[in-house]
Amino acid sequence: MSAEIEIKHLQKKYPNGVEALKGIDLEIGKGRLFALLGPNGAGKSTLVKIMTSLIRKDSGEFRIGGMNPEDHFARLRQYMGIASQENELDPGEKTETLLRFQARLFGMSKKLAAERADELIRLFRLSAERAKKVSALSGGNKRRLHCALALVHHPRILFLDEPTVGMDPLARETFWSVITDLNEQENITVLLTTQYLEEADKYASDIALIMEGRIHFAGTIPAFKSLVHPNPQASLEESYIMYVKSIISTN
Amino acid sequence: MNAACQILVVRGVFKLIKQPAAPLTGFGMSLFFLLVYQAGIGGIGHLDAFGDAGYLAFIFPITIISLAMGSSAGAGQTLNADMQSGYFKRLYLSPAPRWILVVAPMLADTLSSVLFTGILTAIGAIFGLPFQFGILSVLGILFLSLLWSVTLCGFSAGIMLRTGQRQSAAIVTNAVFPLLFLSTTFLPRELITAKWLLSVSWVNPVTYVLEANRFLLAGTSPKQFFVWGTVILVVSSLCALWFALSSARKIRV
């Protein structure tokens, strides 16, 4: 299994003194659906923001698809799809226009952009919203459009930061069906951060547990469960809570 | 032009078409100035100090200057709206170079400003506006308008990016506004009686921009005013562009 993401000794301290990452080492294999778990403020979003070059690291290094982000800025933008925690939508545009524009921005011809917009509208069940302005969409539909925009340019790796926040159960089901299909059929690597542990349990192949800027566990879900919980049938959430509590009590 | 830049400029233009309040207000204000001043005090154009061209050629440059002032905050406000909605982050994560994200709305604003200057010049021509060098005068006026618009758009976008506040995009307009009245806006130097105002007008860059336009229109200003006006606008537009781009590096999304 070749590593799609390699992170070595990554450190980040914010100007206010908060040490968000204290030397992260992590490898994520190609085609894996990887969930990064941890309590609020653990460093998950900081790690994703550094990898997507939204903020700078202090030290350490990382490679994505074998590429160093400092040397391959434009290529990496094409390689990655990013859906952040907050919706990043232009409220004055229509659903279809926004998808087409995004495709054009990533270098697609008008014809291909129109086809891709159609495909994503169908895939994310946004047909009824096609001609609606973003400002008129429901919260769940905005979230779906936000995720669809991350997929416009056929990325090889997807960063999903709390992607299903605000979606109703049906929308979440649709979303995960799209993501798992992409992961399985097109071998796209997915790095997910989430607080919905039942989603991670159901869809992820690997997890890493990050707390106070350090990785405490990285491996498969069964390995994590067997390490933590005496009951092999325990859910990921039960195992997670038990593990986090034990770390807090040790500290 | 880079494909991403083209797409972003087109987006900026469509934004202006969808929300035309700023450029139309600027255009309306300028047309109002032109018509009202010509109708109200156009009679003084018969005085020797105005030369043979009359008051229309004298007052016309101020309408071009006020035109760009009316819409110069547009680029800053577009950037601010994108930041507030979070959409700027999506653009920031695209393969488009970051400087284009700032330059594209500025270009859209500048194109709009030059377009309306063209319309205003055509209206002026209908009313008898002279063009000393024919088509070269028209092109010269459009060029000066372009530089003036880049200056205002660049500074207003840069200030907005540094402060992050929508209202701050209008700071430049507010700063330039008094300069219009401390210049040869309404009367030639020969008719300004206050010595302090004459002194201020000599060091006021707006004076040279106005006189550069007057050289192109009626030829009532000496050529060196045209040269100085052009140099001032080239330098100020380059400074504004540098200011906007250096402000773009400070963006935290």
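First, a word on what this report is: a plain description of the structure on this page. (Residues numbered from 1 in each chain as written. Chains lettered and ligands numbered in written order. Predicted model: local features only at pLDDT ≥ 70, side-chain atom pairs only at ≥ 80, totals over all residues.)

**Some words on the overall build of chain A**
Working step 1: Of the regular secondary structure elements, chain A holds 9 helices and 9 strands.
Working step 2: For chain A, whose C-alpha radius of gyration is 19 Å, the value lies close to the compact-globule estimate of 18 Å for 251 residues.
Working step 3: Counting only C-alpha atoms and orienting by the principal axes, one finds that chain A spans roughly 55 × 40 × 40 Å.
Working step 4: Expressed as a percentage of the 251 residues in chain A, the buried residues total 44%.
Working step 5: Considering only intrachain contacts with a sequence separation of at least 6, the fraction spanning at least 24 residues in chain A is 68%. (Helix = DSSP H or I, 4+ residues; strand = E, 2+ residues; numbered from the N terminus. Rg over C-alpha atoms; globule rule 2.2 N^0.38 Å. Buried ≥ 20, exposed ≤ 12 C-beta atoms within 10 Å, placed from the backbone. Contact = placed C-beta atoms within 7 Å.)

**Focus on unusual backbone geometry**
Working step 1: The backbone of A:Ser53 sits at a positive phi, close to 60°, despite the residue not being glycine.
Working step 2: Of note, A:Ser53 is situated in the loop between α1 (44-51) and β4 (59-64).

**Some points on the sheet that holds strand β2 (residues 19-29) of chain A**
All names here are of chain A.
Working step 1: Taken together, 3 strands build an open sheet; the order of strands is β2-β1-β4 and the sheet is antiparallel. Each end of this open sheet is capped by a strand with a single partner; those strands are β2 and β4. Geometrically, the sheet is characterised by an average inter-axis angle of 15° between neighbouring strands, direction not taken into account.
Working step 2: Where strand β1 (residues 3-13) and β2 come together, 8 bridges link them in antiparallel fashion. (Pairing = 2+ DSSP bridges. Axes fitted to C-alpha atoms, helices over the stretch in contact; angles between N-to-C directions.)

**Some points on the interface of chain A and chain B**
How big an interface is tends to be expressed through the accessible area that disappears when the partners come together.
Working step 1: Between chain A and chain B, the contact holds 20 residues from the first and 15 residues from the second.
Working step 2: If you list the elements that add at least two residues to the side of chain A that touches chain B, you get α2 (73-79) and α3 (95-105) of chain A.
Working step 3: When its residues are assigned to classes, the side of chain A that touches chain B shows 9 nonpolar, 6 polar and 5 charged. (Nonpolar A, V, L, I, M, F, W, Y, C, P; charged D, E, K, R; others polar.)

**Things to note about the pairing of strand β7 (residues 189-193) of chain A**
All names here are of chain A.
Working step 1: Where burial is concerned, most of β7 is hidden: 5 out of the 5 residues are buried.
Working step 2: Side chains Thr-189, Leu-191 and Thr-193 project from β7 onto one buried face, and the interleaved Val-190 and Leu-192 project onto a second face that is buried too.
Working step 3: Where strand β3 (residues 33-37) meets β7, 4 bridges bridge the pair, whose relative direction is parallel. Bridge assignment links Leu-36 to a residue of β7, and that residue is Thr-193.
Working step 4: Relative to β7, strand β6 (residues 157-161) runs parallel, the two sharing 5 bridges. Along β7, the bridge assignment pairs Asp-161 with Thr-193.
Working step 5: Traced from β6 through helix α6 (residues 169-185) to β7, the parallel crossover comes out right-handed. (Right-handed = clockwise from strand over helix to strand, strands pointing away.)

**Points about the environment of A:Thr164**
Residue and element names in this part refer to chain A.
Working step 1: Within the element layout of this structure, Thr-164 appears in the loop between β6 and α6.
Working step 2: Along the sequence, Thr-164 and Arg-77 sit 87 residues apart, while their C-alpha atoms lie 23 Å from each other.
Working step 3: Not counting residues within four places of it along the chain, the set of residues in contact with Thr-164 comprises Arg-172, Phe-175, Tyr-196 and Glu-199.

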